[in-house]
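# Reading the structure
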Amino acid sequence: TRSPVTVTVTGAAGQIGYALLFRIASGQLIGPDTPINLRLLEIPQAVKAAEGTAMELTDCAFPLLRSIEVTDDTHRAFEGTNIALLVGARPRTQGMERGDLLEANGGIFKPQGEAINANAADDVRVLVVGNPANTNALIAQAHAPDVPAERFTAMTRLDHNRALAQLAIKLGVGIDEIQRLAIWGNHSATQYPDLFHAEVGGKIAAEQVEREWLSEEFIPTVAKRGAAIIEARGASSAASAANAAIDHVHTWVNGTAEGDWTSAGVVSDGSYGVPEGLISSFPVRARDGRYEIVQGLEIDEFSRPRIDASVQELVDERETVRRLGLV
Ligand code: NAX
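Below is a summary of the structure that appears in this document. (Residues numbered from 1 in each chain as written. Predicted model: local features only at pLDDT ≥ 70, side-chain atom pairs only at ≥ 80, totals over all residues. Heavy atoms only, no water.)

## Description of the overall build of the chain
On a plain count of helices and strands, the chain comes out with 10 helices and 14 strands. Projected onto its principal axes, the C-alpha positions of the chain cover 50 × 45 × 40 Å. For the chain, buried positions account for 53% of its 327 residues. Considering only residue pairs separated by 6 or more positions, the chain has 72% of its internal contacts joining residues 24 or more positions apart. Accessible area of the chain: about 14100 Å², with a carbon and sulfur share of 47%. Averaging the positions of the 29 positive and the 43 negative side-chain charges in the chain gives two centres separated by 1 Å. (Helix = DSSP H or I, 4+ residues; strand = E, 2+ residues; numbered from the N terminus. Buried < 20%, exposed > 50% of the residue type's maximum accessible area, 1.4 Å probe, protein only. Contact = heavy atoms within 4.5 Å. Areas by Shrake-Rupley, 256 points an atom, 1.4 Å probe, with all protein chains shown as cover. Lys, Arg positive; Asp, Glu negative; His and termini not counted. Charge placed at Lys NZ, Arg CZ, Asp CG, Glu CD.)

## Some thoughts on the side chain of E42
Inspection of the secondary structure puts E42 in the loop between β2 (36–41) and α2 (47–59). As a buried residue without a salt bridge, E42 has its nearest oppositely charged side chain in R90, at a separation of 12 Å. Within the structure, the side chain of E42 is placed 2.9 Å from the backbone nitrogen of A13, a separation counted as a polar contact. (Salt bridge = Lys/Arg side-chain N within 4 Å of Asp/Glu carboxyl O. Polar contact = N/O pair within 3.5 Å; in protein donor to acceptor, adjacent residues only side chain to side chain.)

## Brief notes about the site of the ligand
The environment of the ligand is formed by 23 residues, the closest being Q15, I16, E42, V129 and N131. Residue G11 places a main-chain N or O atom 3.2 Å away from a nitrogen atom belonging to the ligand. Within the contact set of the ligand, an oxygen atom lies 2.6 Å away from a side-chain nitrogen or oxygen of E42. Contact with the protein chains covers 79% of the free accessible surface of the ligand, which is 880 Å². Judged by the fraction of its atoms near the pocket grid, the ligand is located in the largest pocket. (Near = heavy atom within 4 Å. 1 Å grid on protein atoms, 1.4 Å probe; cavity = no way out; pocket = protein on both sides within 12 Å on 5 of 7 lines; lining within 4 Å. Sits in = over half its atoms within 2 Å of the grid points.)

What follows is the structure, given as C-alpha coordinates:
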(Lines give C-alpha, C1' and ligand atoms only; values in the text may rest on other atoms or scores of the structure.)
Protein backbone atom coordinates (compact mmCIF):
# COMPACT_ATOMS: atom_id res chain seq x y z
CA THR A 1 0.00 0.00 0.00
CA ARG A 2 1.20 3.49 -0.89
CA SER A 3 0.81 6.65 1.16
CA PRO A 4 -2.68 8.17 1.21
CA VAL A 5 -3.67 10.84 -1.28
CA THR A 6 -5.95 13.74 -0.40
CA VAL A 7 -8.55 14.38 -3.08
CA THR A 8 -10.74 17.49 -3.02
CA VAL A 9 -13.97 17.56 -5.02
CA THR A 10 -15.89 20.81 -5.40
CA GLY A 11 -19.57 20.79 -6.28
CA ALA A 12 -19.71 17.48 -4.43
CA ALA A 13 -23.50 17.55 -4.04
CA GLY A 14 -24.09 17.99 -7.77
CA GLN A 15 -24.90 15.28 -10.29
CA ILE A 16 -21.32 14.77 -11.52
CA GLY A 17 -20.18 14.69 -7.89
CA TYR A 18 -22.61 11.87 -7.16
CA ALA A 19 -21.30 9.83 -10.09
CA LEU A 20 -17.67 10.62 -9.30
CA LEU A 21 -17.18 10.20 -5.56
CA PHE A 22 -17.93 6.49 -5.34
CA ARG A 23 -15.45 5.72 -8.08
CA ILE A 24 -12.74 7.79 -6.42
CA ALA A 25 -13.39 6.10 -3.07
CA SER A 26 -13.30 2.64 -4.66
CA GLY A 27 -9.78 3.26 -5.96
CA GLN A 28 -10.36 3.98 -9.63
CA LEU A 29 -8.87 7.48 -9.65
CA ILE A 30 -5.27 6.59 -8.85
CA GLY A 31 -5.15 2.84 -8.50
CA PRO A 32 -6.03 -0.04 -6.21
CA ASP A 33 -3.08 0.46 -3.80
CA THR A 34 -3.61 4.09 -2.84
CA PRO A 35 -5.73 5.05 0.18
CA ILE A 36 -7.86 8.17 -0.23
CA ASN A 37 -8.76 11.04 2.06
CA LEU A 38 -11.77 12.84 0.59
CA ARG A 39 -12.60 16.52 1.05
CA LEU A 40 -15.92 17.69 -0.29
CA LEU A 41 -16.42 21.41 -0.88
CA GLU A 42 -19.90 22.81 -1.32
CA ILE A 43 -21.70 26.11 -0.94
CA PRO A 44 -23.52 26.43 2.42
CA GLN A 45 -26.97 25.60 0.96
CA ALA A 46 -25.67 22.27 -0.39
CA VAL A 47 -23.54 21.14 2.55
CA LYS A 48 -26.36 19.04 3.96
CA ALA A 49 -26.84 17.19 0.67
CA ALA A 50 -23.07 16.60 0.47
CA GLU A 51 -23.19 15.20 4.01
CA GLY A 52 -25.84 12.76 2.80
CA THR A 53 -23.49 11.59 0.05
CA ALA A 54 -20.72 11.29 2.63
CA MET A 55 -22.99 9.02 4.70
CA GLU A 56 -23.49 6.78 1.68
CA LEU A 57 -19.77 6.72 1.01
CA THR A 58 -19.24 5.59 4.60
CA ASP A 59 -21.87 2.90 4.09
CA CYS A 60 -19.94 1.44 1.17
CA ALA A 61 -17.13 0.47 3.58
CA PHE A 62 -14.58 1.04 0.83
CA PRO A 63 -11.28 -0.43 2.07
CA LEU A 64 -9.28 2.44 0.53
CA LEU A 65 -11.37 5.29 1.92
CA ARG A 66 -9.57 6.63 5.00
CA SER A 67 -11.63 9.75 5.73
CA ILE A 68 -14.32 12.06 4.38
CA GLU A 69 -14.79 15.67 5.34
CA VAL A 70 -17.49 18.00 4.08
CA THR A 71 -16.89 21.74 4.26
CA ASP A 72 -17.97 25.09 2.87
CA ASP A 73 -14.59 26.61 3.78
CA THR A 74 -12.52 26.95 0.62
CA HIS A 75 -9.20 27.15 2.47
CA ARG A 76 -9.86 24.07 4.58
CA ALA A 77 -11.07 22.18 1.50
CA PHE A 78 -7.64 22.43 -0.16
CA GLU A 79 -5.42 21.89 2.88
CA GLY A 80 -2.78 19.38 1.87
CA THR A 81 -4.67 18.49 -1.32
CA ASN A 82 -2.83 16.34 -3.85
CA ILE A 83 -5.62 16.12 -6.42
CA ALA A 84 -8.21 18.87 -6.83
CA LEU A 85 -11.24 18.21 -8.99
CA LEU A 86 -13.01 21.52 -9.57
CA VAL A 87 -16.47 20.45 -10.63
CA GLY A 88 -18.75 23.07 -9.07
CA ALA A 89 -19.40 26.05 -11.28
CA ARG A 90 -22.03 28.66 -11.99
CA PRO A 91 -24.23 27.42 -14.84
CA ARG A 92 -25.46 29.73 -17.57
CA THR A 93 -29.02 30.80 -16.84
CA GLN A 94 -31.51 32.36 -19.20
CA GLY A 95 -30.61 35.80 -20.45
CA MET A 96 -27.02 35.51 -19.22
CA GLU A 97 -24.35 36.81 -21.63
CA ARG A 98 -21.02 35.05 -22.02
CA GLY A 99 -19.28 37.88 -20.18
CA ASP A 100 -21.68 37.52 -17.22
CA LEU A 101 -20.99 33.78 -17.13
CA LEU A 102 -17.22 34.30 -17.12
CA GLU A 103 -17.55 36.93 -14.39
CA ALA A 104 -19.75 34.73 -12.19
CA ASN A 105 -17.28 31.87 -12.54
CA GLY A 106 -14.39 34.21 -11.80
CA GLY A 107 -16.04 34.66 -8.41
CA ILE A 108 -15.59 30.91 -7.84
CA PHE A 109 -12.30 30.04 -9.54
CA LYS A 110 -10.27 33.04 -8.35
CA PRO A 111 -10.71 32.26 -4.62
CA GLN A 112 -10.23 28.54 -5.30
CA GLY A 113 -6.95 29.28 -7.12
CA GLU A 114 -5.84 31.40 -4.17
CA ALA A 115 -6.80 28.68 -1.70
CA ILE A 116 -4.91 26.04 -3.70
CA ASN A 117 -1.89 28.32 -3.80
CA ALA A 118 -1.97 28.86 -0.04
CA ASN A 119 -2.91 25.39 1.20
CA ALA A 120 -2.42 22.54 -1.26
CA ALA A 121 0.38 19.98 -1.21
CA ASP A 122 3.53 20.72 -3.24
CA ASP A 123 2.60 18.08 -5.81
CA VAL A 124 -1.00 19.30 -6.28
CA ARG A 125 -2.64 18.51 -9.60
CA VAL A 126 -5.80 20.35 -10.61
CA LEU A 127 -8.50 19.29 -13.06
CA VAL A 128 -11.21 21.80 -13.90
CA VAL A 129 -14.49 20.22 -15.04
CA GLY A 130 -16.88 23.12 -14.34
CA ASN A 131 -17.67 25.18 -17.43
CA PRO A 132 -16.37 27.16 -19.18
CA ALA A 133 -13.64 24.73 -18.15
CA ASN A 134 -10.62 26.06 -20.07
CA THR A 135 -11.05 29.66 -18.96
CA ASN A 136 -12.05 28.71 -15.40
CA ALA A 137 -8.77 26.77 -15.25
CA LEU A 138 -6.91 29.82 -16.56
CA ILE A 139 -8.45 32.00 -13.83
CA ALA A 140 -7.56 29.53 -11.06
CA GLN A 141 -4.02 29.13 -12.42
CA ALA A 142 -3.53 32.91 -12.58
CA HIS A 143 -4.18 33.09 -8.83
CA ALA A 144 -1.81 30.30 -7.88
CA PRO A 145 1.60 31.81 -8.72
CA ASP A 146 3.49 29.37 -6.49
CA VAL A 147 2.08 26.29 -8.24
CA PRO A 148 3.70 25.34 -11.57
CA ALA A 149 1.24 26.38 -14.31
CA GLU A 150 1.35 22.89 -15.87
CA ARG A 151 -0.49 21.51 -12.82
CA PHE A 152 -3.69 23.26 -13.93
CA THR A 153 -5.64 21.37 -16.56
CA ALA A 154 -9.13 21.48 -18.07
CA MET A 155 -11.20 18.46 -19.02
CA THR A 156 -11.62 17.54 -22.70
CA ARG A 157 -11.39 13.81 -22.03
CA LEU A 158 -15.16 13.45 -22.32
CA ASP A 159 -14.95 14.95 -25.82
CA HIS A 160 -12.06 12.59 -26.55
CA ASN A 161 -14.05 9.57 -25.35
CA ARG A 162 -17.09 10.66 -27.34
CA ALA A 163 -14.93 10.90 -30.48
CA LEU A 164 -13.39 7.46 -29.85
CA ALA A 165 -16.83 5.93 -29.50
CA GLN A 166 -18.27 7.56 -32.63
CA LEU A 167 -15.30 6.44 -34.71
CA ALA A 168 -15.42 2.91 -33.31
CA ILE A 169 -19.12 2.63 -34.20
CA LYS A 170 -18.52 3.99 -37.70
CA LEU A 171 -15.67 1.60 -38.48
CA GLY A 172 -17.08 -1.35 -36.55
CA VAL A 173 -13.92 -1.69 -34.48
CA GLY A 174 -13.18 -1.89 -30.77
CA ILE A 175 -12.15 1.22 -28.86
CA ASP A 176 -8.79 -0.42 -28.19
CA GLU A 177 -8.04 -0.55 -31.91
CA ILE A 178 -7.98 3.27 -32.10
CA GLN A 179 -4.85 5.23 -31.25
CA ARG A 180 -3.67 8.83 -31.35
CA LEU A 181 -6.99 10.56 -31.56
CA ALA A 182 -6.98 14.15 -30.29
CA ILE A 183 -9.29 17.01 -29.41
CA TRP A 184 -7.89 20.48 -30.09
CA GLY A 185 -8.99 23.84 -28.67
CA ASN A 186 -11.83 24.74 -26.36
CA HIS A 187 -14.25 22.44 -24.53
CA SER A 188 -17.15 23.97 -26.46
CA ALA A 189 -18.99 23.52 -29.74
CA THR A 190 -15.91 24.89 -31.59
CA GLN A 191 -13.64 22.03 -30.44
CA TYR A 192 -11.89 20.08 -33.20
CA PRO A 193 -11.71 16.27 -32.98
CA ASP A 194 -8.76 15.30 -35.22
CA LEU A 195 -8.79 12.05 -37.22
CA PHE A 196 -5.78 12.98 -39.38
CA HIS A 197 -3.34 11.60 -36.83
CA ALA A 198 -5.65 8.98 -35.38
CA GLU A 199 -4.84 5.43 -36.43
CA VAL A 200 -7.03 2.37 -36.73
CA GLY A 201 -5.24 -0.85 -37.51
CA GLY A 202 -2.08 1.16 -38.17
CA LYS A 203 -3.74 3.29 -40.88
CA ILE A 204 -4.85 6.93 -40.65
CA ALA A 205 -8.50 7.09 -39.56
CA ALA A 206 -9.38 10.10 -41.76
CA GLU A 207 -8.54 7.97 -44.81
CA GLN A 208 -10.93 5.23 -43.74
CA VAL A 209 -14.06 7.41 -43.62
CA GLU A 210 -15.76 9.61 -46.20
CA ARG A 211 -14.73 13.26 -45.98
CA GLU A 212 -18.41 14.22 -45.86
CA TRP A 213 -19.07 11.97 -42.85
CA LEU A 214 -16.08 13.53 -41.15
CA SER A 215 -17.16 17.15 -41.64
CA GLU A 216 -20.96 16.81 -41.64
CA GLU A 217 -21.51 14.07 -39.08
CA PHE A 218 -18.53 13.16 -36.95
CA ILE A 219 -17.34 16.63 -35.97
CA PRO A 220 -20.80 18.08 -35.19
CA THR A 221 -21.93 14.92 -33.38
CA VAL A 222 -18.92 15.04 -31.07
CA ALA A 223 -19.06 18.81 -30.59
CA LYS A 224 -22.81 18.89 -29.88
CA ARG A 225 -23.05 15.67 -27.89
CA GLY A 226 -23.54 17.54 -24.62
CA ALA A 227 -26.65 19.25 -26.01
CA ALA A 228 -27.94 15.93 -27.42
CA ILE A 229 -27.61 14.31 -23.98
CA ILE A 230 -29.56 17.16 -22.36
CA GLU A 231 -32.25 16.79 -25.01
CA ALA A 232 -32.55 13.03 -24.44
CA ARG A 233 -32.04 12.78 -20.68
CA GLY A 234 -33.49 16.06 -19.56
CA ALA A 235 -30.23 16.63 -17.67
CA SER A 236 -26.62 17.17 -18.66
CA SER A 237 -24.00 14.43 -18.91
CA ALA A 238 -23.06 13.24 -15.45
CA ALA A 239 -21.79 9.64 -15.31
CA SER A 240 -19.87 10.03 -18.57
CA ALA A 241 -18.36 13.30 -17.33
CA ALA A 242 -17.37 11.66 -14.05
CA ASN A 243 -15.87 8.75 -15.99
CA ALA A 244 -13.82 11.16 -18.09
CA ALA A 245 -12.54 12.93 -14.96
CA ILE A 246 -11.42 9.56 -13.60
CA ASP A 247 -9.69 8.78 -16.91
CA HIS A 248 -7.97 12.20 -17.00
CA VAL A 249 -6.43 11.86 -13.55
CA HIS A 250 -5.66 8.15 -13.88
CA THR A 251 -3.74 8.79 -17.10
CA TRP A 252 -1.97 11.83 -15.60
CA VAL A 253 -0.69 9.77 -12.69
CA ASN A 254 -0.14 6.42 -14.42
CA GLY A 255 0.88 7.48 -17.95
CA THR A 256 -0.28 6.94 -21.53
CA ALA A 257 0.43 3.67 -23.34
CA GLU A 258 3.64 3.56 -25.38
CA GLY A 259 3.05 5.12 -28.80
CA ASP A 260 -0.38 6.46 -27.91
CA TRP A 261 -1.69 9.76 -26.61
CA THR A 262 -4.87 11.32 -25.24
CA SER A 263 -6.45 14.78 -24.98
CA ALA A 264 -6.38 17.34 -22.18
CA GLY A 265 -6.62 21.08 -21.78
CA VAL A 266 -3.12 22.12 -20.75
CA VAL A 267 -1.16 25.38 -20.64
CA SER A 268 0.14 26.18 -24.12
CA ASP A 269 3.88 26.63 -24.63
CA GLY A 270 3.14 28.27 -27.99
CA SER A 271 3.06 24.95 -29.88
CA TYR A 272 0.97 24.76 -33.07
CA GLY A 273 0.33 28.51 -33.04
CA VAL A 274 -1.69 28.37 -29.81
CA PRO A 275 -0.76 31.53 -27.87
CA GLU A 276 1.42 30.82 -24.86
CA GLY A 277 -0.38 30.62 -21.55
CA LEU A 278 -3.82 29.71 -22.92
CA ILE A 279 -5.30 26.50 -21.54
CA SER A 280 -6.20 24.67 -24.74
CA SER A 281 -6.81 21.04 -25.58
CA PHE A 282 -3.92 19.28 -27.33
CA PRO A 283 -2.79 15.76 -28.04
CA VAL A 284 -0.87 14.98 -24.84
CA ARG A 285 1.29 12.19 -23.49
CA ALA A 286 1.60 11.49 -19.79
CA ARG A 287 5.03 10.44 -18.55
CA ASP A 288 6.54 10.51 -15.08
CA GLY A 289 3.39 12.10 -13.70
CA ARG A 290 3.36 14.99 -16.18
CA TYR A 291 1.24 15.81 -19.18
CA GLU A 292 3.28 17.01 -22.16
CA ILE A 293 2.06 18.31 -25.51
CA VAL A 294 2.88 15.93 -28.37
CA GLN A 295 5.32 17.88 -30.56
CA GLY A 296 6.04 17.96 -34.27
CA LEU A 297 2.71 16.89 -35.75
CA GLU A 298 1.94 18.21 -39.19
CA ILE A 299 -1.33 20.11 -39.36
CA ASP A 300 -3.13 19.60 -42.69
CA GLU A 301 -5.26 22.25 -44.36
CA PHE A 302 -8.56 20.67 -43.28
CA SER A 303 -7.54 20.86 -39.63
CA ARG A 304 -5.73 24.21 -39.53
CA PRO A 305 -8.73 26.61 -39.77
CA ARG A 306 -10.75 24.45 -37.39
CA ILE A 307 -8.04 24.46 -34.73
CA ASP A 308 -7.52 28.19 -35.23
CA ALA A 309 -11.23 28.96 -34.83
CA SER A 310 -11.46 27.14 -31.52
CA VAL A 311 -8.23 28.72 -30.27
CA GLN A 312 -9.56 32.15 -31.27
CA GLU A 313 -12.56 31.54 -29.02
CA LEU A 314 -10.14 30.88 -26.14
CA VAL A 315 -8.26 34.08 -26.98
CA ASP A 316 -11.55 36.00 -26.83
CA GLU A 317 -12.47 34.41 -23.49
CA ARG A 318 -9.07 35.38 -22.11
CA GLU A 319 -9.59 38.96 -23.35
CA THR A 320 -12.94 39.09 -21.55
CA VAL A 321 -11.58 37.84 -18.23
CA ARG A 322 -8.58 40.22 -18.58
CA ARG A 323 -10.97 43.15 -18.97
CA LEU A 324 -12.77 41.92 -15.85
CA GLY A 325 -9.44 41.87 -13.99
CA LEU A 326 -9.71 38.09 -13.39
CA VAL A 327 -6.34 37.10 -14.89
P1 NAX B 1 -24.79 20.47 -10.75
O2 NAX B 1 -25.51 21.79 -10.88
O3 NAX B 1 -25.57 19.22 -10.57
O4 NAX B 1 -23.76 20.56 -9.54
C5 NAX B 1 -22.92 21.65 -9.34
C6 NAX B 1 -22.65 21.73 -7.86
O7 NAX B 1 -21.65 22.73 -7.66
C8 NAX B 1 -23.87 22.15 -7.04
O9 NAX B 1 -24.09 21.21 -6.00
C10 NAX B 1 -23.46 23.51 -6.48
O11 NAX B 1 -23.99 23.74 -5.17
C12 NAX B 1 -21.95 23.40 -6.47
N13 NAX B 1 -21.23 24.67 -6.41
C14 NAX B 1 -21.55 25.84 -7.01
N15 NAX B 1 -20.67 26.79 -6.67
C16 NAX B 1 -19.74 26.21 -5.87
C17 NAX B 1 -18.59 26.70 -5.20
N18 NAX B 1 -18.23 27.97 -5.28
N19 NAX B 1 -17.88 25.82 -4.45
C20 NAX B 1 -18.27 24.54 -4.34
N21 NAX B 1 -19.37 24.03 -4.93
C22 NAX B 1 -20.09 24.86 -5.70
O23 NAX B 1 -23.83 20.40 -12.04
P24 NAX B 1 -23.12 19.10 -12.67
O25 NAX B 1 -24.04 18.48 -13.63
O26 NAX B 1 -22.53 18.29 -11.59
O27 NAX B 1 -21.97 19.81 -13.54
C28 NAX B 1 -20.90 20.51 -12.94
C29 NAX B 1 -20.13 21.29 -13.97
O30 NAX B 1 -19.54 20.44 -14.93
C31 NAX B 1 -20.98 22.28 -14.78
O32 NAX B 1 -20.27 23.51 -14.86
C33 NAX B 1 -21.05 21.63 -16.14
O34 NAX B 1 -21.24 22.59 -17.16
C35 NAX B 1 -19.69 20.99 -16.22
N36 NAX B 1 -19.51 19.94 -17.24
C37 NAX B 1 -18.30 19.87 -17.85
C38 NAX B 1 -17.99 18.88 -18.78
C39 NAX B 1 -16.66 18.81 -19.43
O40 NAX B 1 -16.50 17.95 -20.30
N41 NAX B 1 -15.66 19.63 -19.09
C42 NAX B 1 -19.02 17.89 -19.18
C43 NAX B 1 -20.12 17.74 -18.18
C44 NAX B 1 -20.59 19.01 -17.54
O45 NAX B 1 -21.47 19.66 -18.41
